[in-house]
Amino acid sequence: MTTMESLIGLVNRIQRACTVLGDYGGDDGSSFSSLWEALPTVAVVGGQSSGKSSVLESIVGRDFLPRGSGIVTRRPLVLQLHKTESGTQEYAEFLHLPRRKFTDFALVRQEIQDETDRVTGKTKQISPIPIHLSIYSPNEGQSESIVQDIEAMVRSYVEKPNSIILAISPANQDIATSDAIKLAREVDPAGERTFGVVTKLDLMDKGTNALDVLEGRSYRLQHPWVGIVNRSQADINKNVDMIVARRKEREYFATSPDYGHLANKMGSEYLAKLLSKHLESVIRARIPSITSLINRSIEELESEMDHLGRPIALDAGAQLYTILELCRAFEKIFKEHLDGGRPGGDRIYNVFDNQLPSALRKLPFDHHLSLQNVRKVVSESDGYQPHLIAPEQGYRRLIEGALGYFKGPAEASVDAVNFVLKELVRKSIAETQELKRFPTFQAELAAAANEALERFRGESKKTTLRLVDMESSYLTVDFFRRLPQEVEKAGSPAPSNVDRYAEGHFRRIASNVSSYIGLVADTLRNSIPKAVVYCQVRQAKQSLLNHFYAQIGKKEGNHLSQMLDEDPALMERRLQCAKRLELYKAARDEIDSVSWVR
């Protein structure tokens, strides 16, 4: 049979592990699911000096909380009670001091103050980071925004659906103005999670009582109100212990003319039993949802751990293997971009299909073959003797001058493809998930790939310019041999020496050269893409990292380690994932080890 101690103990162990990981239900800035928020907890809330500390001390049966004027408790206190075997000594442990046992509870009070100051300083600021305190016993200057800060901090705890609210209100205060009840009403309007506690009943004016509150007439809750009589300041000053204080509390209710009929449902001991019984039922009800959250979180964390990868081995061989695997993963994605498995490679085709033809069409041949320029080039090429039949030197010079314009589009095509390839390298590195761990290696890989692309660009530029030079080096003779025949077929007589320098003669020369240049343009429009693909794209697919591989094989082990220097943020993420995964698996084992009574 499941005992109360095993249920509470289970939640306590999970809660302690959560606190170590920084999971205490607040927004810690991480994307991890919060297991803390799924755990049932009891949140003690109340206005300043309403008796919160006294109620907690009464339940625990020990003096351990700081006291003083003003706001003393400036951090949440996560308090866990552990029952030990009869006759053992009581002691306390802080989670931030795991190897130190406090048997003097005055030192516990001092440590709470000191630990608060370590986080908040001594400027009376507040912090939502809790102090985690476990008690083992055989017995069961402030900023102007301090009010808003405290309310926001408290609200973050009590608005959780798994939070049991212990609302503390002093009897000498109108319940309608109680800070605790006001907050509880907002976050738990039906009163299903709220336990009302009325303190300082013995300090009410004579002739008055709190029966309207305790009997639920002033403000009704789903659970009964409980009255508490705390130790007086004089008792605290005299160090009256809790055993005596509890006896005096029982006597007060038993002999009270106002509350005697409620005596068996009043006092700190009854409150502790009431809360324990309710907490047990809540834990039982929440176990399925907690188990579901744990299993879902384990799946998510294991998936992320696979994504983040394992820590890098220390030996050079394993590091080299890792580097080669990373390169292969990158190359796979890079080739997918080129081959169409991923977008981007089509931009290379766009260079050949749109940019190159457009650039060829925009070449300034109209100016080069204008009547004025043709006359000038032909006359200069004739020298002191005019040409007899056809100005061959003039033709050659006009053609050579025109072909020179093709070098611009040829080089531009090479540069445009180089730009696309570099962009695909950048995209491929970004899309290679395995590389995200290693920013240093990413940079070296990018540098090596871009260096190779520059080499390919140099070879491609040489090749495409050679294509242009080849057109200049040897003209297609058949084209010019057909020209006289075409003229005769058209019925036009061959030009005589009389009209050799006439305007029509030069226009005919310009037209012939233009036709030939058009022929060459068609040839280059097809051959330049072939050269670029062969020298750049094909090389990028087949040997982009060949030089890099050769260099890597020569590296010392320390350089390999430097290359695989992981992103600190990812290292921290993996560490946190591993810790949380360990927590959730341990929590799952804890739950599985208990036989639940349904």
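Presented here is an overview of the structure given in this document. Computed from a predicted model, the values in this text were never measured in an experiment. (Residues numbered from 1 in each chain as written. Predicted model: local features only at pLDDT ≥ 70, side-chain atom pairs only at ≥ 80, totals over all residues. Heavy atoms only, no water.)

**Examining the overall build of the protein chain**
- Of the regular secondary structure elements, the protein chain holds 21 helices and 8 strands.
- Each of the 598 residues in the protein chain was classed as buried or not, and the buried ones make up 45%.
- Working note: accessible area of the protein chain is about 31100 Å², and carbon and sulfur atoms make up 51% of it. (Helix = DSSP H or I, 4+ residues; strand = E, 2+ residues; numbered from the N terminus. Buried < 20%, exposed > 50% of the residue type's maximum accessible area, 1.4 Å probe, protein only. Areas by Shrake-Rupley, 256 points an atom, 1.4 Å probe, with all protein chains shown as cover.)

**Side note on the packing of helix H10 (residues 316–339) against helix H15 (residues 407–431)**
- The geometry of H10 relative to H15 is characterised by a closest axis approach of 9 Å and an angle of 130° between their N-to-C directions. It follows that H10 is oblique to H15 by the angle criterion. H10 and H15 meet at a crossing whose hand is right-handed. In contact with Phe 330, Ile 333, Phe 334, His 337 and Leu 338 of H10, H15 contributes Leu 421, Leu 424, Val 425, Lys 427, Ser 428, Ile 429 and Glu 431.
- In terms of residue class, the contact of H10 with H15 is built from 8 nonpolar, 2 polar and 2 charged. (Axes fitted to C-alpha atoms, helices over the stretch in contact; angles between N-to-C directions. Parallel < 35°, antiparallel > 145°, perpendicular 65-115°, else oblique. Left-handed = near helix turned anticlockwise from the far one by under 90°. Contact = heavy atoms within 4.5 Å. Nonpolar A, V, L, I, M, F, W, Y, C, P; charged D, E, K, R; others polar.)

**A short note on the sheet that holds strand E7 (residues 194–199)**
- Sheet architecture is open: 4 strands sit in the order E1-E6-E7-E8, paired in parallel fashion. Each edge of the open sheet carries a strand with a single partner, namely strand E1 (41–46) and strand E8 (226–227).
- Pairing of E1 with strand E6 (residues 163–170), which is carried by 6 bridges, proceeds in the parallel orientation. Within the sheet, the bridge partner assigned to Gly 46 lies in E6 and is Ile 168. (Pairing = 2+ DSSP bridges.)

**Some details on the pattern of salt bridges**
- All chains considered together, the criterion is met by 23 salt bridges.
- Where Arg 573 meets Glu 304, a salt bridge forms, and the shortest distance between an N and an O atom there is 2.7 Å. Note that Arg 573 is positioned in helix H21 (residues 568–592) and Glu 304 in helix H9 (residues 268–308), a separation of 269 residues in sequence.
- Judged by its relative accessible area of 21%, Glu 304 is partly exposed. (Salt bridge = Lys/Arg side-chain N within 4 Å of Asp/Glu carboxyl O.)

**Some details on the sheet that holds strand E4 (residues 97–102)**
- Spatially, E2-E5-E3-E4 is the arrangement adopted by the 4 strands of the open sheet, whose pairing is mixed. This sheet does not close on itself; its edge strands, each paired only once, are strand E2 (77–83) and E4. Between one strand axis and the next, the sheet turns by 20° as a mean value, whatever way the strands run.
- Judged from the 7 bridges that link them, E2 and strand E5 (residues 131–137) form a sheet pairing that is parallel. Bridging from a neighbouring strand, Gln 80 pairs with Ser 134 of E5.

**Looking at the side chain of Asn 162**
- Relative to the elements of secondary structure, Asn 162 occurs in the loop between helix H4 (146–158) and E6.
- For Asn 162, a relative accessible area of 11% gives the class buried.
- Polar contacts involving the side chain of Asn 162 include one to the side chain of Arg 286, which spans 2.3 Å. (Polar contact = N/O pair within 3.5 Å; in protein donor to acceptor, adjacent residues only side chain to side chain.)

**Details of helix H8 (residues 242–255)**
- When the terminal C-alpha atoms of H8 are compared, their 20 Å separation across 14 residues agrees well with the 20 Å that a helix rising 1.5 Å per residue should span.
- Those residues of H8 that sit buried are Met 242, Ala 245, Arg 246, Glu 249 and Phe 253. One side of H8 holds all its buried residues, which, seen down the axis, span an arc of 100°. Exposed and oriented more than 90 degrees from the buried face of H8 are Ile 243, Ala 254 and Thr 255. (Expected span 1.5 Å × (residues − 1). Arc of directions from axis to C-beta.)

**Considerations on helix H18 (residues 503–543)**
- The terminal C-alpha atoms of H18, which comprises 41 residues, lie 57 Å apart, in line with the 60 Å expected from a rise of 1.5 Å per residue.
- Most pronounced at Val 533, the bend in H18 amounts to some 40°. (Bend = angle between axes of the 7 residues up to and from the residue.)

**Let's talk about the nonpolar core**
- Phe 330, Phe 334, Phe 406, Phe 441, Leu 445, Leu 544 and Phe 548 are the most contacted members of the largest nonpolar core, which has 67 residues in total.
- Element by element, the count of residues in this core is highest for H18, at 14 residues.
- Those residues within four positions of Phe 441 in sequence are excluded, and the remaining contacts are Ile 323, Leu 326, Cys 327, Leu 435, Phe 548 and Met 563.
- Listed in part, the 44 residues of the second largest apolar core include Leu 10, Ala 38, Ala 272 and Leu 570. (Core = buried A, V, L, I, M, F, W, Y, C linked by side-chain atoms within 4.5 Å.)

**With respect to the packing of aromatic side chains**
- In this structure the tally under the stated criterion is 7 aromatic pairs.
- Arranged with centres 5.3 Å apart and planes meeting at 85°, the rings of Phe 94 and Phe 102 form a pair that is edge-to-face.
- Judged by its relative accessible area of 1%, Phe 94 is buried.
- A network of ring pairs unites the aromatic residues Tyr 252, Phe 253 and Tyr 259 as a single cluster.
- The cationic tip of Lys 101 hangs over the ring face of Tyr 91; the distance from NZ or CZ to the ring centre is 4.7 Å. (Phe/Tyr/Trp six-rings, centres within 6.5 Å; stacked < 30°, edge-to-face > 60°. Lys NZ or Arg CZ within 6 Å of the ring centre and 35° of its normal.)

Don't take any of this as a statement about function, it's just geometry.
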